[in-house]
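So you can see what is in the structure, the chains are spelled out below.
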Amino acid sequence: MALSRKRKRELKKLRAHTESLLDQQRDVLQNAGVVFSEATRQAKQLGSEELMPRVNKKLDAVRPQVERNLATMRRASDRVKVAVAPVVATALAKTVTALDNIDARNAAQQVEQFGRDRGILKKPRRSRVGIFAIGVGVVAAAAVGVALWQAFRDEDDDMWVSSED
């Protein structure tokens, strides 16, 4: 496309104005960035010098009352746990038993797991009576074995009483 000289001059002039405008906008944005960073720095200083001491002073004034209230709430919570835990544990245990009785084993396991997770129900302790009984049985069997061995060994022929009557 062929442009006239007049049109080319106008386009060249427009391009120069556009580049000048872009340079001015860059300068404005750069100055705005400098102003913004300085404002940020001033806000931080103002916050640390003026605002934080006031907030800390108010917090120090309120802190003892808040700590006292928290301690009171913890004590009340502990008292409620001590009073309510046996009732809840009994209710959960009865619920598990009832669910077992109606053959809802999955539901019973879920309720039991819920109680264990919350610390209300304790894991059933393994009975050591069974282990003790097995040990006593092994010792008794060994004693019977030793007695039989003593009774039937060949060296003690004189211990047998013959029935010659």
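Residues numbered from 1 in each chain as written. Predicted model: local features only at pLDDT ≥ 70, side-chain atom pairs only at ≥ 80, totals over all residues. Heavy atoms only, no water.

Some points on a nonpolar patch on the surface
- On the surface, a cluster of nonpolar side chains totalling about 260 Å² of accessible area is made up of Leu3, Leu11 and Leu14.
- Assignment of secondary structure puts Leu14 in helix α1 (residues 5-101).
- Given a relative accessible area of 52%, Leu14 falls into the exposed group. (Patch = residues over 30% accessible without salt bridge, like charges linked within 9 Å, V, L, I, M, F, W, Y side chains within 5 Å. Areas by Shrake-Rupley, 256 points an atom, 1.4 Å probe, with all protein chains shown as cover. Salt bridge = Lys/Arg side-chain N within 4 Å of Asp/Glu carboxyl O. Helix = DSSP H or I, 4+ residues; strand = E, 2+ residues; numbered from the N terminus. Buried < 20%, exposed > 50% of the residue type's maximum accessible area, 1.4 Å probe, protein only.)

Observations concerning the nonpolar core
- In this structure, Ala89, Leu92, Val96, Leu99, Ala108, Val111 and Leu121 together form the largest nonpolar core, which totals seven residues.
- Top element by residues in this core is α1. It accounts for four residues.
- Setting aside residues no more than four positions away along its own chain, Leu99 makes contact with Ala104, Arg105, Ala107, Ala108 and Val111. (Core = buried A, V, L, I, M, F, W, Y, C linked by side-chain atoms within 4.5 Å. Contact = heavy atoms within 4.5 Å.)

A look at a positive patch on the surface
- Residues Arg5, Lys6, Lys8, Arg9 and Lys13 make up a contiguous surface patch of positive charge.
- Tracing the backbone through its elements, the reader meets Arg5 in helix α1.
- Judged by its relative accessible area of 73%, Arg5 falls in the exposed class. (Lys, Arg positive; Asp, Glu negative; His and termini not counted. Charge placed at Lys NZ, Arg CZ, Asp CG, Glu CD.)

Section: helix α2 (residues 105-117)
- Taking 1.5 Å per residue as the helical rise, α2 with its 13 residues ought to reach 18 Å, and the 18 Å between its terminal C-alpha atoms agrees with that figure.
- Turning to α2, its buried residues are Ala108, Val111, Glu112 and Gly115. Projected down its long axis, α2 shows its buried positions confined to an angular sector of 100°, all on one face. Among the exposed residues of α2, those oriented more than 90 degrees off its buried face are Asn106, Gln110 and Asp117.
- Its buried side turned inward, α2 meets α1.
- Just beyond α2, the residue with positive phi is Gly119, at close to 80°. (Expected span 1.5 Å × (residues − 1). Arc of directions from axis to C-beta.)

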